[in-house]
Amino acid sequence: MRGGTVAVVGGSIAGCALASAAARAGADEVVVLERTHGRLADRGLGLCIHDGRAAELAATGALPAGIAAHRLTRRRWVVRDDTAGGPAGRVFWEQPFPFHSYHWGLLWRGLREATPASVVYRQGAAVTGVAGDGERAEVRLAQGTAEAFDLVVGADGYRSVVREAVCPESRPAYAGYVCWRGNFDARRLEALGDGGWPAESVTTVCFGGGSCVIYRIPGPDGPRVNWVLYAMPPQTGRRLPFDDPTSFPPGRVTEELAAHLGALLDREFPPYWARVLGLTEPADTFVQPIYDLETARTTAGRLLLAGDAATVVRPHNTSGAAKALQDATAFEDAWRRAGTWGELLHAYQAARGAAGREMVALARRLGRGQVEQTPAWAAMNHREAESWWQGQLGGAADIGGQAMTP
Ligand SMILES: Cc1cc2nc3c(=O)[nH]c(=O)nc-3n(C[C@H](O)[C@H](O)[C@H](O)COP(=O)(O)OP(=O)(O)OC[C@H]3O[C@@H](n4cnc5c(N)ncnc54)[C@H](O)[C@@H]3O)c2cc1C
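Residues numbered from 1 in each chain as written. Predicted model: local features only at pLDDT ≥ 70, side-chain atom pairs only at ≥ 80, totals over all residues. Heavy atoms only, no water.

Chemist: Explanation requested: the site of the ligand in the structure shown.
Modeler: Every one of the 32 residues lining the ligand counts as a neighbour, but Ser12, Glu34, Cys48, Asp308 and Ala321 are closest to it. Cys48 is positioned such that a nitrogen or oxygen atom in its backbone is 2.8 Å from a nitrogen atom of the ligand. Val127 is positioned with one of its backbone polar atoms (N or O) 2.9 Å from a nitrogen atom of the ligand. Computed on the free molecule, the ligand has an accessible area of 1,000 Å², of which 89% lies beneath the protein chains in the complex. Looking at the shell around the ligand, the elements with two or more residues in it are α1 (13-25), β2 (29-34), β3 (46-50), β11 (173-185) and α7 (320-337). Broken down by element, the shell around the ligand gets its largest block of residues, three residues, from α7. (Near = heavy atom within 4 Å. Polar contact = N/O pair within 3.5 Å; in protein donor to acceptor, adjacent residues only side chain to side chain. Areas by Shrake-Rupley, 256 points an atom, 1.4 Å probe, with all protein chains shown as cover. Helix = DSSP H or I, 4+ residues; strand = E, 2+ residues; numbered from the N terminus.)

Chemist: I keep staring at the sheet that holds β11 and nothing clicks. Help me out?
Modeler: Note on sheets: strands pair through backbone hydrogen bonds, and any given pair is parallel or antiparallel. Taken together, the eight strands give an open sheet; going across it, the order is β3-β5-β4-β12-β13-β14-β11-β15, and neighbouring strands pair in mixed fashion. Both edges of this open sheet fall to β3 and β15 (285-292), since each of them pairs with a single strand only. Neighbouring strand axes in the sheet, compared pairwise and without regard to direction, differ in orientation by 30 degrees on average. Both strand β13 (residues 210-217) and strand β14 (residues 224-231) contribute to a ladder of eight bridges, which runs antiparallel. Its bridge partner being in β14, Gly210 is matched across the sheet by Ala231. (Pairing = 2+ DSSP bridges. Axes fitted to C-alpha atoms, helices over the stretch in contact; angles between N-to-C directions.)

Chemist: I keep staring at the side chain of Asp292 and nothing clicks. Help me out?
Modeler: If you trace the backbone, Asp292 turns up in strand β15. Given the relative accessible area of 5%, Asp292 is considered buried. Among the polar contacts listed, one links the side chain of Asp292 to the side chain of Arg364, at a separation of 3.3 Å. The residues touching Asp292, leaving out its near neighbours within four places in the chain, are Arg171, Pro172, Ala173, Ala175, Val312, Arg314, Val360 and Arg364. (Buried < 20%, exposed > 50% of the residue type's maximum accessible area, 1.4 Å probe, protein only. Contact = heavy atoms within 4.5 Å.)

Chemist: What's the story with the pairing of β14 in this structure? I'm lost.
Modeler: Burial within β14 is extensive, with eight of its eight residues counted as buried. Going residue by residue along β14, you find Arg224, Asn226, Val228 and Tyr230 tucked away on one face and Val225, Trp227, Leu229 and Ala231 tucked away on the opposite face as well. In the sheet, β11 pairs with β14 via eight bridges, with the strands oriented antiparallel. Looking across to β14, one finds that Arg181 is bridged to Val228. Linkage of β13 to β14, two consecutive antiparallel strands, is achieved through a turn of six residues, within which Gly222 is found at a positive phi near 110 degrees.

Chemist: Mind showing me how you'd approach the nonpolar core here?
Modeler: Nonpolar side chains in soluble globular proteins tend to end up buried together. Counting residues in hydrophobic clusters, the biggest one holds 50 residues, and the most contacted among them are Val6, Leu107, Leu325, Phe331 and Trp335. Among the elements that line this core, the one with the most residues is α1, at 10 residues. Structurally, this core is a two-domain feature, drawing no fewer than three residues from each of domain 1 (5-42 + 106-172 + 293-378) and domain 2 (70-104 + 175-291). Once you skip the residues sitting within four places of it in the chain, Leu107 turns out to touch Ile13, Leu47, Leu63, Ile67, Tyr102 and Ala321. Ranked by size, the runner-up nonpolar core spans 29 residues in total, among them Ala175, Val202, Ile217 and Met380. (Core = buried A, V, L, I, M, F, W, Y, C linked by side-chain atoms within 4.5 Å. Domains from an automatic or database assignment.)

Chemist: Please clarify how the sheet that holds strand β8 (residues 137-141) should be interpreted in this entry.
Modeler: Pairing within the open sheet is antiparallel, and its three strands lie in the order β7-β8-β9. Two strands close off the open sheet at either side, each with one partner strand: β7 (127-132) and β9 (146-149). Taking each pair of neighbouring strands and ignoring which way they run, the sheet shows an average axis angle of 20 degrees. By the bridge criterion, five bridges tie β7 to β8 in an arrangement that is antiparallel. Within the sheet, the bridge partner assigned to Val127 lies in β8 and is Leu141.

Chemist: Looking at this structure, how should I read the packing of α1 against α7?
Modeler: Think of two packed helices as two axes; the pair is described by the angle between the axes and how far apart they sit. Packing of α1 against α7 leaves a shortest axis separation of 9 Å and a crossing angle of 20 degrees. The orientation of α1 relative to α7 falls into the category roughly parallel. Crossing hand, α1 versus α7: right-handed. Residues Ile13, Ala14, Ala17, Leu18, Ala21, Ala22, Arg24 and Ala25 of α1 form the contact with α7, whose own contacting residues are Ala324, Leu325, Asp327, Ala328, Phe331, Glu332, Trp335 and Arg336. A per-class count over the contact of α1 with α7 returns 12 nonpolar, no polar and four charged. (Parallel < 35°, antiparallel > 145°, perpendicular 65-115°, else oblique. Left-handed = near helix turned anticlockwise from the far one by under 90°. Nonpolar A, V, L, I, M, F, W, Y, C, P; charged D, E, K, R; others polar.)

Chemist: How should I be thinking about empty space enclosed by the protein in this particular structure?
Modeler: Over the atoms, a rolling probe the size of a water molecule traces out where space has been left empty. Under the criterion given, the structure shown has two cavities of 30 Å³ or more. The calculated volume of the largest cavity comes to roughly 50 Å³. As for the largest cavity, its lining consists of Cys16, Ala17, Ser20, Arg24, Gly61, Ala62, Pro64, Leu111 and Ala114. Per element, the largest residue contribution to the lining of the largest cavity is four residues, and it comes from α1. Looking at side-chain class alone, the lining of the largest cavity contains six nonpolar, two polar and one charged residues. (1 Å grid on protein atoms, 1.4 Å probe; cavity = no way out; pocket = protein on both sides within 12 Å on 5 of 7 lines; lining within 4 Å. Points joined across faces, edges and corners; volume = space filled by probe spheres on them.)

Geometric descriptors of this kind do not, in isolation, establish any biological role.
Structure (structure tokens):
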């Protein structure tokens, strides 16, 4: 099928990838409608993509070449052990970790720069609603205008406006815990005076009721250290606004949440790793609630969902970016094989629907094992840790997303 007009709502990872896919597949007109005005590239944070998924995505063109990535190979699981552990704690298990880490802003910039020149990328274009009659889809914009397209792609993230039309019964569900996230210039590690840790190694600090993943990422001005600490928020009886993922952006973490993090580091962390996280500026620390979201459908009429708009997978699975790029690959593939819009939408739903739901289920098991119902990690030997991990995988080959079927 060739020709047609496509609007992509949201111009982040999924939005850039889907817009490129539509243009490559032969759409006449592709418009990205992104509500923000500023540079998305400033949202600097770390994420990882599994090497297997990255190779598949590079081969399909969904992951452009030349984007800065940092190679990771091993993951060490560490507990505080004041008697036998030393300041960096005790490594109770080590496993392969075949991933590369990315800086969100650099990944976005690479995807944006790889977007074909024919794609119109409009910023400050906030979509307030979509509607469709099965033959066309209409996008309503905040300034009160409406525009019609042959297809509207919802790549507008976890609180998707497009999803409200496709699957109104699906709402993100708060998992009951949050993550504190931060990153800092890796040169700051020199202040600890020990040369840091092997660059290709990821550390997961484990404690009762949570865990923290620490690894290096590339950055615009050299390598950075990125960390994500999962735990329950303080139980004050006062309702915190955990229905809004942007409630505590960088520099706006409340004193209560900052103090809670400090107490966790003092009480649970090996001293070395507490000092590592302590190198983070308050302005580079923020708190995000963790959510699950699965949808029964990823298409309806002339509407289609991709990325976090379709599925929100808890970050323990390290699969969100890869999944968004896989959605773009499946979309392009469905387009090239289809003779009609109906065939395209049907093939996309068939390719992506079940995959999203399976990843949500896997990430729930990972969240249970690593935050909600943590085991007695300090007492585990290698074999027990391996079996605990296999229990979480529940038959899945690995974390990081599923292999794409040819
Ligand atoms: C703590 C944490 C760690 C993570 N770690 C990893 C990891 O290691 N590996 C990994 O692969 N993934 C990770 N992820 C997930 C990953 O970041 C996302 O899954 C991925 O970036 C896909 O996002 P997206 O483009 O679908 O949505 P988003 O990035 O949310 O983008 C949505 C875009 O739509 C725009 N928008 C929203 N509403 C409208 C509207 N009404 N009109 C116009 N524009 C709109 C927004 O401004 C935004 O630009 C992590 C997530 C979290 C929270």
